[in-house]
Amino acid sequence: MSSRSHPVAGTAWIKTVIEGDTMGESLQSPITSTGRIHGKLASYADLRQHRAVSHIIRNHSTNKQDIRDVAGAAIDWPCVGTILDAGCGYGWFEQALDGPFEFLVGIDTLGENEQPFMDVATRIAKRAEFRELHLPCPTGLPSGGFDLVVAGYSLYFFPEALPELARVLAPDGLFLAITHSERMLEEGERFFRFTNLRSLIRRFSAEDGERVLKACFGRVTWIDYPNRLVFNREDTADLEAYVFFKHEFVSRDADPAEVHERLLQELRSGSALSFNKDDRIFLARK
Ligand SMILES: C[S@@+](CC[C@H](N)C(=O)[O-])C[C@H]1O[C@@H](n2cnc3c(N)ncnc32)[C@H](O)[C@@H]1O
């Protein structure tokens, strides 16, 4: 199946958010050697740091279109009254939406996300709920209850939850998942072996996501979002902040201080450093 692109549509329902998003960079849980997660990353507890990194990512991305606008253009918004966001974080996906929706539920393993998620959700939905759950687990949500089920940069943490997410999706509903390419690690792997990180991404990656989704959905298509993060020689401060934000995430594979030092050295000795940031938006239907 080939990738599809869509004309921009439904823009009345989507608004691009400049402040407060991380383009899906909010990896909030450390990974164990088995790819499972526990605890949380301190970086994400600091919302100001989170916002600053969001701007860095946006400023250094070669693709200037908001990926949520790209995803949103593929959704038939007038048919969407109920939304479930699995691994919702602080409501990154919802920040780009205008309602009103009937019912919006966010699930996340981190209770800290409840308030920020609810702040966004209550603005755009008549009824909103946050459920602190560690997927996969029963959600207690009704079968076929959601027109749209979203998993933004989160499904690799819990691909085993797909049968439950498919169960709560309405028969003619849409499951939308955004994920990274395995190639995102290529540049860093010139210097370090990110074995843990790679095994996590492989659980639901751009390259393999279709196979994973086909186990639970009849029709699977996707839209590619090509992108790179480029840091020029004068951008050492931004690169430092970005690498610092990631330090707990890489710490199971490498010493974060070494990663930091090595990447800065590379930047100083060359003219630019660039990282693969290609993402894929999967659209699945029953
Ligand atoms: C990379 S963040 C993405 C958050 C949000 N969707 C976004 O794009 O900004 C992954 C989210 O999944 C949540 N998460 C990770 N493992 C989870 C699990 N097993 N069950 C529920 N949520 C989980 C994390 O707490 C985090 O908020």
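Remember, it's a predicted structure, so these values are computed and weren't measured experimentally.

**Let's talk about the overall build of the protein**
No. 1: When helices and strands are counted, the protein shows 10 helices and 9 strands.
No. 2: When each of the 286 residues of the protein is scored for burial, the buried share is 45%.
No. 3: Long-range contacts, defined as pairs at least 24 residues apart, comprise 77% of the intrachain contacts of the protein with a sequence gap of at least 6.

**A closer look at the sheet that holds strand 6 (residues 219-225)**
No. 1: What the 7 strands build is an open sheet, ordered 3-2-1-4-5-9-6; its pairing is mixed. Only two strands of the sheet have a single neighbouring strand rather than two, namely strand 3 (125-132) and strand 6. On average, adjacent strands in this sheet sit at an angle of 15° to one another, irrespective of strand direction.
No. 2: Sheet topology places strand 2 (residues 101-108) next to strand 3; 7 bridges connect them, and they run parallel. Residue pairing in the sheet places Gly106 in a bridge with Phe130 of strand 3.
No. 3: Strand contacts of helix 4 (residues 114-124): strand 2 and strand 3, with the helix running at about 160° to strand 3, the strand carrying the most contacts.

**Details of unusual backbone geometry**
No. 1: Backbone torsion omega between Gly99 and Pro100 reads 0°, so that peptide bond is classified as cis.
No. 2: Of note, Pro100 is situated in the loop between helix 3 (92-95) and strand 2.
No. 3: In the segment running from Leu135 into Pro136, the intervening peptide bond is cis, with an omega of 5°.
No. 4: Positionally, Pro136 belongs in the loop between strand 3 and strand 4 (146-152).
No. 5: With a phi angle near 50°, Tyr153 is a residue other than glycine that sits in the positive phi range.
No. 6: Inspection of the secondary structure puts Tyr153 in the loop between strand 4 and helix 5 (162-168).

**Regarding the packing of helix 8 (residues 236-245) against helix 10 (residues 256-269)**
No. 1: In the contact formed by helix 8 and helix 10, the axes pass within 10 Å of each other and the chain directions differ by 155°. Classified by the angle their axes make, helix 8 and helix 10 are roughly antiparallel. The handedness of the crossing between helix 8 and helix 10 is right-handed. Between helix 8 and helix 10, the residues in contact are Thr236, Leu239, Glu240, Val243 and Phe244 and Val259, His260, Leu263, Leu264 and Leu267, respectively.
No. 2: Here the contact of helix 8 with helix 10 is built from residues that sort into 7 nonpolar, 2 polar and 1 charged.

**Describing the environment of His60**
No. 1: Relative to the assigned elements, His60 resides in helix 1 (residues 47-60).
No. 2: Of the residues examined, His60 has 21 C-beta atoms within 10 Å and is grouped as buried.
No. 3: Placed 169 residues apart in sequence, His60 and Leu229 show a C-alpha to C-alpha distance of 5.1 Å.
No. 4: In this structure His60 touches Leu229, Val230, Phe231 and Asp238, once residues within four positions along its chain are discounted.

**Describing the environment of Trp222**
No. 1: Topologically, Trp222 is positioned in strand 6.
No. 2: For Trp222, a count of 22 C-beta atoms within 10 Å corresponds to the buried category.

**Structural notes on the nonpolar core**
Soluble globular proteins: nonpolar side chains tend toward being buried together.
No. 1: In this structure, Leu148, Val149, Phe175, Leu176 and Ile281 are the most contacted members of the largest nonpolar core, which totals 77 residues.
No. 2: Here this core takes 6 residues from strand 5 (residues 169-180), the largest share from any one element.
No. 3: Ignoring anything within four residues of it in the chain, the contact list for Leu176 reads Ala71, Leu148, Val150, Ile281 and Leu283.

**Re helix 4**
No. 1: Listed in full, the buried residues belonging to helix 4 are Pro116, Phe117, Val120 and Ala121. Here the buried residues of helix 4 occupy an arc of 125° about the axis, which is enough to place them on one side.
No. 2: Next to the buried residues of helix 4 lie helix 3, strand 2 and strand 3.

**Let's talk about the confidence of the model for the protein**
No. 1: For the protein, the mean per-residue pLDDT works out to 83, and 82% of the residues sit at or above 70.
No. 2: Counting interchain partners and residues more than four positions distant, the pLDDT-below-50 stretch residues 1-43 has 100 contacts.

**Let's talk about the environment of Gly87**
No. 1: Take Gly87: it is sitting in the loop between strand 1 (82-86) and helix 3.
No. 2: Put simply, Gly87 and Phe157 are 70 residues apart on the chain and 8.6 Å apart in space, counted from C-alpha to C-alpha.
No. 3: What Gly87 contacts, discounting residues up to four positions off in sequence, is Ile107, Asp108, Ala151, Ser154 and Phe157.

Rules used throughout
- Numbers given to residues run from 1 along each chain, matching the order in which its sequence is written.
- Selection of residues for local features in this predicted model requires a pLDDT of at least 70, selection of side-chain atom pairs for listing and counting requires 80 or more, and totals for whole chains, interfaces and linings are taken over all residues.
- The secondary structure listing takes helices from DSSP runs of H or I that are at least 4 residues long and strands from runs of E that are at least 2 residues long, numbered from the N terminus.
- To assign burial, the other C-beta atoms lying within 10 Å of each residue's own C-beta are counted, with C-beta atoms placed from the backbone; 20 or more indicates buried, 12 or fewer indicates exposed, and intermediate counts indicate partly exposed.
- Once C-beta atoms have been placed from the backbone, residue pairs whose C-beta atoms lie within 7 Å are recorded as contacts.
- Here, strands pair whenever DSSP counts at least two bridges between them.
- With axes taken as lines fitted to C-alpha atoms, and helix axes fitted only over the stretch in contact, angles between N-to-C directions fall between 0 and 180 degrees.
- Note on terminology: angles under 35 degrees are roughly parallel, angles over 145 are roughly antiparallel, angles of 65 to 115 are roughly perpendicular, and the others are oblique.
- It is the rotation of the near helix from the far one that decides the hand of a crossing: anticlockwise by less than a right angle makes it left-handed, clockwise makes it right-handed.
- Residue classes follow a fixed rule: Ala, Val, Leu, Ile, Met, Phe, Trp, Tyr, Cys and Pro count as nonpolar, while Asp, Glu, Lys and Arg count as charged, and any other residue, Gly among them, counts as polar.
- Joined through C-beta atoms within 7 Å, a set of buried Ala, Val, Leu, Ile, Met, Phe, Trp, Tyr and Cys residues constitutes a nonpolar core.
- What the arc describes is the spread of directions from the helix axis to the C-beta atoms.
- How sure the predictor is of each residue is captured by pLDDT, a score from 0 to 100.

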